[in-house]
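Analysis of the macromolecular model
So you can see what is in the structure, the chains are spelled out below.
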There are 2 protein chains.
Amino acid sequence: MNEQLLQLIKKRFQVEFKDTTLLEDAFTHSSYVNEHRYLELTDNERLEFLGDAVLELIISEYLYGKFTDLPEGKLTKMRAAIVCEDSLAKFAKACQFDHYIRLGKGEENSNGRQRPALLCDLFESFLGALYLDQGLVAAEKFVAQVIFPKIESGAFSHEMDHKTALQEILQRNGDVAISYQLVGEEGPAHNRQFAVEVSVEGHVIGRGQGKSKKMAEQSAAAAAISDLNNN
Amino acid sequence: MNEQLLQLIKKRFQVEFKDTTLLEDAFTHSSYVNEHRYLELTDNERLEFLGDAVLELIISEYLYGKFTDLPEGKLTKMRAAIVCEDSLAKFAKACQFDHYIRLGKGEENSNGRQRPALLCDLFESFLGALYLDQGLVAAEKFVAQVIFPKIESGAFSHEMDHKTALQEILQRNGDVAISYQLVGEEGPAHNRQFAVEVSVEGHVIGRGQGKSKKMAEQSAAAAAISDLNNN
């Protein structure tokens with residue numbers, strides 16, 4: 001068993017595996033198994049199958065509890081954005097898991113260590129191993145460290161409506177008063193334009209326009225988010 | 001709250017909800033909410049979002065533990081066959097859930113109570129409600145009553161290889177000795193036909209042919225399963 005990996009997981013995530021062969025399996029790619037048949041190793045594919053479902057439940061429960069006003073359709077979109085290959089590959093790299101996966105030579109030489117599909121599978125198989133070794137609460141604790149802060153920073157909020165997203169960002173550290181005010185209306189009835197300002201605690205933080213008051217509000221919220229992200 | 005539904009769930013599944021509004025929400029279709037806006041009800045769509053993930057994990061963990069020799073690809077196919085709309089709709093009906101869902105008039109008149117998509121959502125939203133009310137173990141217990149026996153009876157075994165499926169069926173009540181025997185080989189080398197018999201505890205229960213010994217074994221196992229299902 002790779003001692004450095006054990007240390008990383010212990011120090012960074014406060015996790016100590018009881019059954020380290022599970023961890024070993026999670027970090028073993030099929031290409032490595034195929035190149036070392038005499039060792040009779042197990043690759044991480046079955047753990048990935050399980051970990052995928054573990055992650056899906058943890059993210060679903062989090063979104064369900066966090067975004068109590070979002071309808072099912074929006075929740076589903078957001079979940080899909082979070083558990084997609086690209087984002088899980090990034091999480092695997094953020095955890096430095098890419099350093100420790102055991103690859104066959106062919107896979108290594110074709111830059112498999114950077115391949116999003118491989119890294120995504122690795123992230124899921126780690127989660128599968130963690131779930132088997134220590135249960136749902138431990139898996140949840142890990143995801144809460146690695147993924148929830150990203151959701152809370154609004155990284156997936158393009159999947160929400162902008163007003164909900166803005167509210168999420170601003171109320172991260174407690175309640176604040178957010179208000180939308182109609183500041184202009186112009187043009188003929190069939191082509192009216194509305195202008196809205198969004199304020200937080202009385203300070204204007206975004207302006208938007210649209211063909212309805214509702215659309216102008218969404219646009220103002222989007223402008224405010226974009227402005228916040230650039231500062 | 002519908003007393004009959006409470007009784008059904010208590011008697012049949014030994015479940016008593018602490019928060020019966022969750023159960024009520026699970027059995028409330030959006031069409032009913034829309035027709036009774038003044039009641040400010042909640043439909044079952046968000047619970048379905050959560051229940052979908054709960055079910056996915058329970059089924060995944062079961063398959064992972066049960067079919068230790070199946071590769072990830074087969075597990076994924078089997079999971080997909082189990083959690084698909086049609087099969088969940090059947091489980092919802094088997095639980096008599098279709099009697100209790102609250103529908104709007106339009107939905108009722110267009111035979112919504114029989115619609116697979118609606119019944120599938122209902123099954124998942126019940127599971128979401130059960131999970132929120134009583135946790136994963138209780139949800140698992142329910143699925144173990146309703147779905148696992150179907151899996152064990154081989155209802156989804158077309159997704160497995162036939163030899164594994166046959167083993168599953170025969171060993172349901174403990175270990176039995178299953179053996180495959182080559183009983184014939186004929187034809188020229190480039191077009192050889194193999195014949196195999198499968199026996200359990202010494203009794204032949206199926207015969208099959210194929211272009212390789214392996215294919216003949218699969219065919220014998222399939223014949224045995226088909227025979228067992230017809231008796």
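Residues numbered from 1 in each chain as written. Chains lettered and ligands numbered in written order. Predicted model: local features only at pLDDT ≥ 70, side-chain atom pairs only at ≥ 80, totals over all residues. Heavy atoms only, no water.

As annotated in an unreviewed UniProt entry, chain A carries the name Ribonuclease 3 and is attributed to Vagococcus intermedius. The UniProt entry for chain A carries the following comment under Subcellular location (unreviewed entry): "Cytoplasm". In the Catalytic activity (unreviewed entry) part of its UniProt record, chain A is described as follows: "Endonucleolytic cleavage to 5'-phosphomonoester." (UniProt positions renumbered as here; feature names shortened; annotations may be inferred.)

When chain B is fitted to chain A, the best match, at an RMSD of 0.2 Å, comes from turning it 180° and sliding it 0.0 Å along the axis. In symmetry terms, the pair is related by a two-fold rotation axis. Here 100% of the interface residues in chain B have copies in chain A that are interface residues too; the copies meet face to matching face. (Least-squares fit on C-alpha atoms with pLDDT ≥ 70 in both. Contact = heavy atoms within 4.5 Å.)

Turning next to the interface of chain B and chain A. Every contact between the two is made by 27 residues of chain B and, on the other side, 27 residues of chain A. Carbon and sulfur atoms supply 66% of the area that chain B and chain A bury against each other, a total of about 2,400 Å² over both sides. Area buried by chain B at its contact with chain A is led by Arg46, Phe49 and Tyr64 of chain B, which between them contribute 37% of it. Seen at the junction of chain B and chain A, the total is 2 salt bridges. The closest approach of N and O atoms between Arg79 of chain A and Asp52 of chain B, which form a salt bridge, is 3.4 Å. On inspection of chain B and its partner chain A, the count reaches 12 residue pairs in polar contact (both at pLDDT 80 or more). Counting residues per element, the ones that place at least two in the side of chain B that touches chain A are helix H4 (45-66), helix H5 (72-82) and helix H8 (116-146) of chain B. With 15 residues, H4 of chain B is the largest single contributor of residues to the side of chain B that touches chain A. (Buried area = accessible area lost by both parts, 1.4 Å probe. Salt bridge = Lys/Arg side-chain N within 4 Å of Asp/Glu carboxyl O. Polar contact = N/O pair within 3.5 Å; in protein donor to acceptor, adjacent residues only side chain to side chain. Helix = DSSP H or I, 4+ residues; strand = E, 2+ residues; numbered from the N terminus.)

Here the focus is the packing of helix H10 (residues 162-170) of chain B against helix H11 (residues 213-229) of chain B. Residues and elements named next belong to chain B. Between H10 and H11, whose axes approach to 8 Å, the crossing angle comes to 40°. One way to sum up the angle between H10 and H11 is to call them oblique. The two elements H10 and H11 cross, and the hand of that crossing is left-handed. Of H11, the residues touching H10 (which contributes His162, Lys163, Ala165, Leu166, Ile169 and Leu170) are Glu217, Gln218, Ala221, Ala222, Ala224, Ile225 and Leu228. The residue inventory of the contact of H10 with H11, partitioned by class, reads 9 nonpolar, 2 polar and 2 charged. (Axes fitted to C-alpha atoms, helices over the stretch in contact; angles between N-to-C directions. Parallel < 35°, antiparallel > 145°, perpendicular 65-115°, else oblique. Left-handed = near helix turned anticlockwise from the far one by under 90°. Nonpolar A, V, L, I, M, F, W, Y, C, P; charged D, E, K, R; others polar.)

A word on the sheet that holds strand E1 (residues 178-186) of chain B. All names here are of chain B. The antiparallel open sheet is built from 3 strands, whose spatial order is E1-E2-E3. The open sheet terminates on both sides in strands that have one partner only, identified here as E1 and strand E3 (203-210). Averaged over all adjacent pairs, the angle separating strand axes in this sheet is 20°, with direction ignored. As paired elements, E1 and strand E2 (residues 193-200) share 8 bridges and run antiparallel to each other. In the sheet register, Ser179 faces E2, and the bridge partner there is Ser199. (Pairing = 2+ DSSP bridges.)

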